[in-house]
Each structure stands twice: as C-alpha cells, then as structure tokens.
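Chain by chain, the residues run as shown.
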Amino acid sequence: MAPTHVLRCCQRGLAWIPVIFIALVVCWSYYAYVVELCLFTIPSILEKVVYLAVFHVSFIMFVWSYWKTIFTRPSTPSKEFCLPKSEKEQYEKEQRPETQQEILKRVATSLPLYTRTGAGAIRYCDRCQVIKPDRCHHCSACDMCVLKMDHHCPWVNNCVGFSNYKFFILFLTYSLVYCLFIAASVLQYFIKFWTNDPPESHAKFHVLFLFFVAAMFCISILSLFTYHLWLVGKNRSTIEAFRAPVFRNGPDKNGFSLGFSKNIAQVFGDQKLYWLLPVFTSQGDGFSFPTRLVTVDPEQPTDSISSFTIGLQTTPLSESQNRLLGNDYHIEEDHKETDILKSGRLHILHHSSKE
C-alpha cells in the first residue's frame with residue numbers, strides 16, 4: 001500500500017483537474033472570440049472595436065476574480081481558540097464527555113462564542129484541536145477549520161469562506177456577464193453559420209461551438225449566482241441554509257441577519273466604490289459576528305441594551321462592526337428600554353442640579 005502522504009499528493013494533484021479544464025475552456029474562448037469571430041468573421045471595423053473593448057473588460061474582471069477565489073488562502077481560527085497546554089492535556093486524558101465539556105466551557109468564557117452544537121455543547125474540532133468560532137466548520141477536503149465556511153468548491157479547488165466569499169460572488173457575477181456577452185454578440189453569426197448563409201470557413205466550428213458553450217455555462221451559472229445572492233441578502237452560508245445555527249437559546253436560521261442592506265455590507269463592505277472590484281472589503285474579523293437573538297439568552301447579562309450585541313463584551317468590535325450595529329437596526333423593545341434609560345438619566349441630572 002502506498003504511503004499516506006503519496007496518496008494525499010495524488011489527491012491534491014487530481015483536485016486541480018476542474019480548474020485546468022476551466023482554464024483551457026477560457027483560453028479557447030478567448031481565441032475563438034478575438035481571432036475567429038472579431039478578426040476573421042465580423043466585417044465592420046466599428047463593431048470589432050466595440051466588441052473587443054467590452055469583451056476584454058469582462059474577460060479581465062472574470063480572470064481577476066477567479067484567480068483571487070482560487071489562490072486566497074482560507075482563514076483559520078487564531079491561537080486564542082486553541083486550548084492552553086494544561087487544559088489540553090487534561091482534555092486529552094479525560095474520557096468522560098461531561099468533564100471534557102466543563103474544560104471547554106472554562107476556556108470558552110473568554111471567547112466571543114454564541115453558537116453551540118445541536119446538543120448544546122461547545123463546538124470543538126478534534127482534528128484541528130481548536131474551539132470552533134461561530135460559523136466556522138472543518139473542511140475534510142482542505143483538512144482545516146475554515147472561518148465562516150460556505151462550501152468547498154471543486155471548480156476553484158479551494159474552500160469558500162470568510163477570506164474569499166466576496167471574490168467567489170464576483171467570480172460568479174463576471175463569469176455570468178462574460179458568458180452572456182459572448183452568447184449575445186455571437187448569436188447573429190451563429191444563425192448565419194447555422195443556416196449556411198455565408199460560405200464555409202474555418203471560423204464556422206469555433207463560432208457555433210462558442211455559442212453553445214457560452215449558453216450552457218450561462219444557464220448553469222445563473223442558478224448558482226441567484227442562490228448565493230439570496231444567501232448574501234439573508235446573511236447565511238450554504239451550510240447555515242441547510243442547517244440553522246444553534247445558539248445557546250436554540251436554533252435560529254435568522255440569527256446572523258441584520259437586515260438586507262447591512263447583510264450586503266457584511267460581505268461587500270461599506271464603500272460601494274469597491275463592491276465590484278475583487279479586493280477584500282468584507283466587514284469583521286471572521287471570528288465574531290453581530291447577531292440578532294430572537295429571544296433573550298439566559299446565559300448573557302441582562303443589562304445590555306441591544307439584544308444582538310450580547311456576548312461581545314469579551315472581545316472589542318472592529319470599527320466596521322461598530323458602524324454596522326450603530327444606526328437603525330434596533331427592535332422596538334430596545335427603543336423602549338433606551339427611552340427609559342434616557343428619562344432616568346435626565347431625572348438624575350435635574351435632581352442633582354437642584355441640589
């Protein structure tokens with residue numbers, strides 16, 4: 001039997017086959033469109049210039065976002081989610097699950113954790129030996145825990161998660177634009193070649209096949225694209241869409257939803273100027289996320305004004321998260337409690353001024 005590391009290397013090599021296939025199809029489509037269609041088939045100079053300009057813009061954005069999706073390394077839990085040496089030794093020696101959970105709970109008190117397993121236990125990865133942050137899952141293909149893991153995509157040979165989810169959405173966007181533009185601009189010449197209107201030429205095969213391939217990819221990408229747009233609007237990952245995250249007060253499929261506009265901002269950032277560019281602008285750090293708890297969490301302090309910021313006292317929010325939580329996403333009960341607090345403060349100030 002071959003050694004394990006040899007089999008692992010073979011698996012990693014085979015995993016690049018879908019990416020190589022896409023790269024070959026893209027290279028051929030570039031040749032077929034630029035050379036066979038624009039240079040040899042289209043008679044109008046103006047039409048050639050316009051088609052080539054639009055084509056190259058969509059081609060560059062597609063390749064750029066695809067490259068970033070493939071080669072952006074997935075983010076993994078930081079060292080603070082690892083068990084200290086003494087607790088780790090105690091955890092490994094202990095055989096009873098109840099005692100192991102007590103060890104994990106002691107360590108987790110200093111971590112910004114909301115979610116639990118279905119049984120209400122602390123989520124711990126025995127493979128990576130880390131306490132899993134919220135929305136973090138272990139990828140068997142990558143053999144690592146990935147922050148805000150969405151899924152493992154064989155077409156990019158990478159895990160789609162917090163570090164590259166925006167790039168993945170843009171990859172779907174620009175691949176759809178790329179295929180739509182090719183299909184739309186090739187259609188009239190596809191009809192001519194299909195009806196044998198122009199004489200036979202070496203460009204006929206490329207033009208006919210180019211339309212079929214573009215239309216096929218367009219249909220397949222469209223469903224995936226619309227599905228992930230829906231996920232972004234709901235602030236869910238693919239895993240959370242199939243299995244609702246379990247909080248300490250129970251499962252809640254909308255636990256991370258902050259409203260449509262703020263859900264979009266979590267993935268694409270605050271500055272709309274960079275939304276369509278494959279540069280990282282996602283909000284947060286990948287370890288903790290603003291939550292919207294539908295019911296009160298009995299394990300959390302009761303003096304917090306905003307129900308979805310419960311538990312974040314242990315770890316300061318980033319500037320982007322503070323902006324995300326700071327404006328208008330407050331439930332009616334929060335407004336009432338805030339008004340009560342304000343009126344109490346005014347009464348104290350008025351009373352002290354009289355004294």
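Residues numbered from 1 in each chain as written. Predicted model: local features only at pLDDT ≥ 70, side-chain atom pairs only at ≥ 80, totals over all residues. Heavy atoms only, no water.

Looking at an unreviewed UniProt entry, one finds the protein named Palmitoyltransferase, with Cyprinus carpio as its source organism.

This paragraph deals with the UniProt feature "transmembrane region" (unreviewed entry) in the protein. Under the feature "transmembrane region" (unreviewed entry), the UniProt entry names residues 12–33, 49–67, 167–191 and 203–227. Taken end to end, residues 12–33 comprises 91% helix and 0% strand; its first and last C-alpha atoms sit 33 Å apart. Along residues 203–227 one finds 100% helix and 0% strand; the C-alpha atoms at either end are 36 Å apart. (UniProt positions renumbered as here; feature names shortened; annotations may be inferred. Helix = DSSP H or I, 4+ residues; strand = E, 2+ residues; numbered from the N terminus.)

Attention now goes to the pattern of salt bridges. A complete count under the given rule lists three salt bridges for this structure. Note that Arg-96 and Glu-94 form a salt bridge whose closest N and O atoms lie 3.3 Å from each other. Taking relative accessible area as the criterion, Arg-96 reaches 52% and is therefore assigned exposed. (Salt bridge = Lys/Arg side-chain N within 4 Å of Asp/Glu carboxyl O. Buried < 20%, exposed > 50% of the residue type's maximum accessible area, 1.4 Å probe, protein only.)

According to the stated counting rule, one finds three cavities of 30 Å³ or more in the structure shown. Considering only enclosed or pocket space, the largest cavity measures out at about 40 Å³ in volume. Looking at the largest cavity, the residues that line it are Lys-148, Tyr-165, Leu-231, Val-232, Asn-235, Arg-236, Asn-263 and Val-267. For the lining of the largest cavity, the elements supplying multiple residues, two or more each, are helix H7 (203–234) and helix H9 (260–268). (1 Å grid on protein atoms, 1.4 Å probe; cavity = no way out; pocket = protein on both sides within 12 Å on 5 of 7 lines; lining within 4 Å. Points joined across faces, edges and corners; volume = space filled by probe spheres on them.)

So, about the environment of Lys-132. Tracing the backbone through its elements, the reader meets Lys-132 in the loop between strand S3 (130–131) and strand S4 (137–139). According to the relative accessible area criterion, Lys-132 is buried, its value standing at 16%. Sequence spacing of Lys-132 and Cys-82 is 50 residues, and the spatial spacing of their C-alpha atoms is 9.1 Å. Those residues in contact with Lys-132 that lie beyond four places of it in its chain are Leu-113, Arg-123, Tyr-124, Cys-125, His-138 and Cys-145. (Contact = heavy atoms within 4.5 Å.)

Take the sheet that holds strand S9 (residues 250–251) next. Strand order across the open sheet formed by three strands is S1-S8-S9, with antiparallel pairing between neighbours. Two strands lie at the open edges of the sheet, namely strand S1 (115–116) and S9, each paired on one side alone. With two bridges connecting them, S1 and strand S8 (residues 246–247) associate as antiparallel partners. The residue of S8 that forms the bridge with Thr-115 is Phe-247. (Pairing = 2+ DSSP bridges.)

Both the distance between ring centres and the angle between the ring planes are used here to describe each pair of aromatic rings. Inspection of every chain in the model, using the stated rule, returns 30 aromatic pairs. Ring centres of Trp-194 and Phe-212 lie 6.2 Å apart, and the angle between their planes is 70°; on these two criteria the pair is classed as edge-to-face. Within this pair, whereas Trp-194 is found in helix H6 (residues 165–194), its partner Phe-212 is found in helix H7, the two being separated by 18 residues in sequence. Residue class for Trp-194 comes out exposed when judged on its relative accessible area of 56%. Owing to a relative accessible area of 42%, Phe-212 belongs among the partly exposed residues under this scheme. Judged by centre distance (6.4 Å) and plane angle (65°), the ring pair of Phe-211 and Phe-212 falls under edge-to-face. A residue is classified by how much of its surface remains accessible, and Phe-211, at 16% relative accessible area, is buried. These aromatic residues form a ring-pair network of at least three members: Tyr-30, Tyr-33, Tyr-51, Phe-55, Phe-59, Phe-62, Tyr-66, Phe-168, Phe-171, Tyr-178 and Phe-181. A cation sits over an aromatic face here: Arg-135 above Phe-256, 4.3 Å from the ring centre. In this structure, Arg-135 packs its charged tip against the face of Phe-289, placed 5.0 Å from the ring centre. (Phe/Tyr/Trp six-rings, centres within 6.5 Å; stacked < 30°, edge-to-face > 60°. Lys NZ or Arg CZ within 6 Å of the ring centre and 35° of its normal.)

We now examine the environment of Val-130. With respect to the element layout, Val-130 can be found in strand S3. Given the relative accessible area of 6%, Val-130 is considered buried. If near-sequence neighbours (up to four positions away) are discounted, Val-130 is found in contact with Pro-77, Phe-81, Cys-82, Arg-123, Tyr-124, Cys-125 and Cys-145.

Here the focus is unusual backbone geometry. Backbone geometry places Gln-129, a non-glycine residue, at a positive phi of 60°. Checked against the element boundaries, Gln-129 lands in the loop between strand S2 (124–125) and S3. For Asn-235, which is not a glycine, the phi torsion comes out positive at approximately 55°. Checked against the element boundaries, Asn-235 lands in the loop between H7 and helix H8 (238–242). Residue classification places Asn-235 among the buried residues on the basis of a relative accessible area of 4%.

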